[in-house]
Structures are given as structure tokens and as C-alpha cells.
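# Report on the structure
Next come the chains, spelled out residue by residue.
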Amino acid sequence: MTDMVIMHGDHEIATVNRNGSCIIRDSARLPYDLFLEKTTDDIDIMIQNLNNFYHWCATRLINIDRAYIKEILNSIGASQLTTDRDRAEIAMSYHALSLIDLYWVRETGEDISFADINLYDHSLTNAFTDLSLRGKQMTVENRHLIANNLNTPGMFPKAWIRRGDTFYLLKDGNEEAVDRELIASRIAGCFDVPQVRYTEDCFEDTKVTRSEIFTSKKYSIATMEAFQIYSVNHEINWLEDVLKKDAHGFYTMNIIDYLVGNTDRHWGNWGWLIDNESGERIRLHDLMDFNQAFRSYDTTDGAMCQPLRTINQREAALDAISHIGFHPIGEFDDAWFAGHDEWRQMFHRRLEICSATAP
């Protein structure tokens, strides 16, 4: 049976046979959310290796509840499949490529290099942008060019496009979701923290948000969800590790999420910025994803703080302020809230709470 080689750029990380036996060449560079054990004859470990590998590949495919999933899968000749193995096979059909990191998969003996197919050097087609954002039917011939449209997480229609030498992410959903992201992004911009900047754009006469890619062949990201798996397997206290490496980024994230009522800070949309050469975690990656802002926005407590899971957003923000203070670097503009006066009023109530608590 054909072996499957997990690659990082042109560096071989591990080889997994379809019977589950495994050769690990660089354990330090294994993806955070992929746990493999060397084995040749332990059936239980071999099965677990294979299951873990298929699950990892499956996570590099689109979420099954993502808008237009049927059209996207039909357009690459795939059925409506939901098991990890089925989804993994689809991902591997385009080498499990991504725009978030340098990992990919090839078969042993396959004459192909990262330079041949990596998404940073090969443009996505405009036709597939049409499909991802509007659910249009089409036939995709160059499968490696569509990869990141399939593994960009979230439920709202979105697509990567290339303009010049840069990739941009367009996000739709509805006009209110776009407004949520634009306003929250402007508020976040008043704080000194690395962040994705969302601006207004238009696609087929429809209002969308646009943001510039911040990963590259030099820097990748790893979600906190993936790091949680790594932490459990390596007996690491994830919170202590986060605060040791980037307390300012973590606390500022909780302050901003409280102010804008962001209820979607799940463990898949925050995490680490990784140096691809050294493999080191540099800091928390750029703050992103605000199209679920101004939710649970009828009280000053807010929703549960998803990163901490034990306290509400107000408590998390006030705890953050006790550690780093409250120091906006820009002026908030009420004009940002045009047409959403109820959001403006609650924002100011929460802003007053943060300002009054600051040392």
C-alpha cells in the first residue's frame, strides 16, 4: 500500500502507511494537532495512528456546515461525505494544502515539490472565487489552486483572491454581518495589538469585507485548538504558556472582545504565529474574525469568555485591565455606528466600565 508523507515545505516530517505503521523523521515539526507513535506491530497503535492522520487531514477540509458546501464538493467531483477518512481523501486530492501553514501531503515516490504547488506562488482562479462566495457550479481542473477555499474555517461564505502579489480574504454572509466586522475592526484598531484590518469591498454588487493575508512562507499560524491537543500530549499548561509568551496579546484580546461583544472567539480563530524556519511560537497571531460582534450585547456582562470558559466577558476584561491597564491609542468615532445606535449605546456603557476600572 502507498505510504503518505507529511511534508513541511520540502522537509519530510513523517511517513504514514495505510496500515497505520509510521516513521517519524522530525517529531519536533509534527503539526500540533497530529499525534503519531512509531510502531511496526502494535495493532492498536497502528489504528490510532491512521485515525489521527485521517482526522488531521479532514481538519484541512471545509466544515460540513459551511455555506455552499454542496456546490463546492460537487464541483470537485466529491460526494456529500462526512467521515474523517472520506474527508481526508478529498483533502489529499489536492495534497492537503493550505494558506495557513506549510504542511502538505504527498505519496512516496511522487515527483512533486512544494515549489510546484504551494499556494503562495500559485494564484487561485477567479472562477473559484465565484463558487465560494455565491455557490455557482463549475468544474475545477487545477485542484491545488482551490485548496484554501476548502479549509478556511467558518460558516460564512468566503474566498481567497489574489490581487497583484497579495492574497485577500473576501467574506460575505449578509450586510449586517459585514457591518459587524467593519465596526468591530475599527474599534480594535484603537488598541496596540497585531490585528487583521477589515475594510469594505464589493463583489458582484454585494457588500463584503476584505482583509489581507498575514501568513507567508516565512510565518504560519497554529490554532489554539491544535495547541490544546499538543498541550495535553506534552503535559503543558496552555494558559501559563500563553501568558509567558504573550500576556499583552491575550489580555488585549479579552478587552476588545468585551467592548465589541464578540461571541465567536472560539479556539479555532485565535492561536500562535509560528516562525516556519525555527518552528518557534513567536506570539499570538494577529487578532481576527469579528463578524459575530455585538452579540449578547443587551447587558454589560456579555457572554461567556470562550478562551477562559469559566467567567463572562466583563470579568475577563476587568481581570485583563488589572494586569495591563486600559490604554487605547486611538479615538473612537460614533459615526462608525451609523444605523446601529443600540450598538453604540452599549459600547459606551462598556467603555465606561473599562475606563473606570483602569488603575
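Described in the following lines is the structure provided in the data block. (Residues numbered from 1 in each chain as written. Predicted model: local features only at pLDDT ≥ 70, side-chain atom pairs only at ≥ 80, totals over all residues. Heavy atoms only, no water.)

## Here's the deal with the packing of helix H8 (residues 224-233) against helix H9 (residues 238-260)
Short version of the rule: Helix axes use the C-alpha atoms of the stretch in contact, all axes being lines fitted to C-alpha atoms, and the angles between their N-to-C directions lie in the range 0 to 180 degrees. The way it works is that DSSP assigns letters per residue, a run of H or I at least four long becomes a helix, a run of E at least two long becomes a strand, and they are numbered from the N terminus. Orientation labels follow simple angle bins: below 35 degrees gives roughly parallel, above 145 gives roughly antiparallel, 65 to 115 gives roughly perpendicular, and whatever is left gives oblique. It only takes one pair of heavy atoms within 4.5 Å for two residues to be counted as in contact. Three categories are distinguished: nonpolar for Ala, Val, Leu, Ile, Met, Phe, Trp, Tyr, Cys and Pro, charged for Asp, Glu, Lys and Arg, and polar for the others, with Gly belonging to the last.
At a closest axis distance of 10 Å, the pairing of H8 and H9 adopts a crossing angle of 120 degrees. The angle between H8 and H9 falls in the class oblique. Residue-level inspection shows Met 224, Phe 227, Gln 228 and Ser 231 of H8 in contact with H9, the latter providing Trp 238, Asp 241 and Val 242. Each residue belonging to the contact of H8 with H9 can be placed in one class, and the counts come to four nonpolar, two polar and one charged.

## Some points on the pairing of strand E7 (residues 199-203)
Operational definition: Any two strands between which DSSP finds at least two bridges are classified as paired.
As paired strands, E7 and strand E8 (residues 206-212) are joined by five bridges and run antiparallel to one another. Within E8, the residue paired with Thr 199 across the bridge is Arg 210. Count of turn residues in the E7/E8 antiparallel hairpin: two residues, of which Glu 204 carries a positive phi of about 50 degrees.

## Observations regarding the sheet that holds strand E4 (residues 103-107)
Within the open sheet, the four strands sit side by side as E3-E2-E1-E4. Their pairing is antiparallel. Taken across any chain shown, the strands that pair with only one partner, and hence form the sheet edges, are strand E3 (22-24) and E4. On average, adjacent strands in this sheet sit at an angle of 25 degrees to one another, irrespective of strand direction. The sheet contact formed by strand E1 (residues 3-8) and E4 spans five bridges and is antiparallel. The residue bridging Met 4 from the neighbouring strand is Glu 107, located in E4.

## Digging into the pairing of E1
The cut-off we apply is this: To sort residues, take the accessible area from a 1.4 Å probe on protein chains only and compare it with the maximum for the residue type: under 20% means buried, over 50% means exposed, and anything in between is partly exposed.
Among the six residues in E1, five count as buried, and that is most of the element. Strand direction decides the pairing type here: E1 and strand E2 (residues 11-17), joined by six bridges, are antiparallel. The residue of E2 that forms the bridge with His 8 is His 11. Adjacent in sequence and paired antiparallel, E1 and E2 are bridged by two residues, among which Gly 9 carries a positive phi angle near 65 degrees.

## Re the pattern of salt bridges
Our working definition: Throughout this description, the term salt bridge denotes a Lys or Arg side-chain nitrogen within 4 Å of a carboxyl oxygen of Asp or Glu.
Applying the stated criterion to the full structure yields 16 salt bridges. Its salt-bridge partner being Asp 201, residue Arg 210 comes within 2.9 Å of it at the nearest N-O pair. With relative accessibility at 24%, the residue Arg 210 sits in the partly exposed group. You can call Asp 201 buried: its relative accessible area is 14%. A salt bridge links Asp 286 to Arg 283, with the shortest nitrogen-to-oxygen separation between them at 3.1 Å. When its relative accessible area of 23% is taken as the criterion, Arg 283 is described as partly exposed. Each of Glu 12, Arg 25 and Arg 106 takes part in a single network of salt bridges with overlapping partners.

## Focus: the packing of aromatic side chains
This is how the line gets drawn: Under the pairing criterion, centres of Phe, Tyr and Trp rings, with the six-membered ring standing for Trp, must be within 6.5 Å; the plane angle then separates stacked pairs below 30 degrees from edge-to-face pairs above 60, leaving the rest tilted. In this scheme, Lys NZ or Arg CZ marks a charge over a ring once it lies within 6 Å of the ring centre and within 35 degrees of the ring normal.
Under the counting rule described, the total for this entry stands at 20 aromatic pairs. Taking the centre distance of 6.4 Å and the plane angle of 40 degrees together, the rings of Phe 53 and Trp 56 count as tilted. Residue Phe 53 and its partner Trp 56 are both found in helix H1 (residues 43-58); the two are separated by three residues, about one turn of the helix. For the pair Phe 53 and Trp 56, a shared accessibility class is recorded, and that class is buried. Between Phe 337 and Phe 347, the ring centres sit 5.6 Å apart and the planes meet at 35 degrees, which makes this aromatic pair tilted. One end of the pair, Phe 337, is in the loop between helix H10 (313-324) and helix H11 (341-357); the other, Phe 347, is in helix H11, and ten residues separate them in sequence. Of the two residues, Phe 337 and Phe 347, neither departs from the other in class, the shared state being buried. Grouped by ring-pair contacts, the aromatic residues Phe 191, Phe 294, Tyr 297, Phe 326, Phe 332, Phe 337, Trp 343 and Phe 347 constitute a single cluster. It is Arg 265 that lies over the ring of Phe 290; its NZ or CZ is 5.4 Å from the centre. Lying over the aromatic face of Trp 272, Arg 281 brings its terminal NZ or CZ to 5.2 Å of the ring centre.

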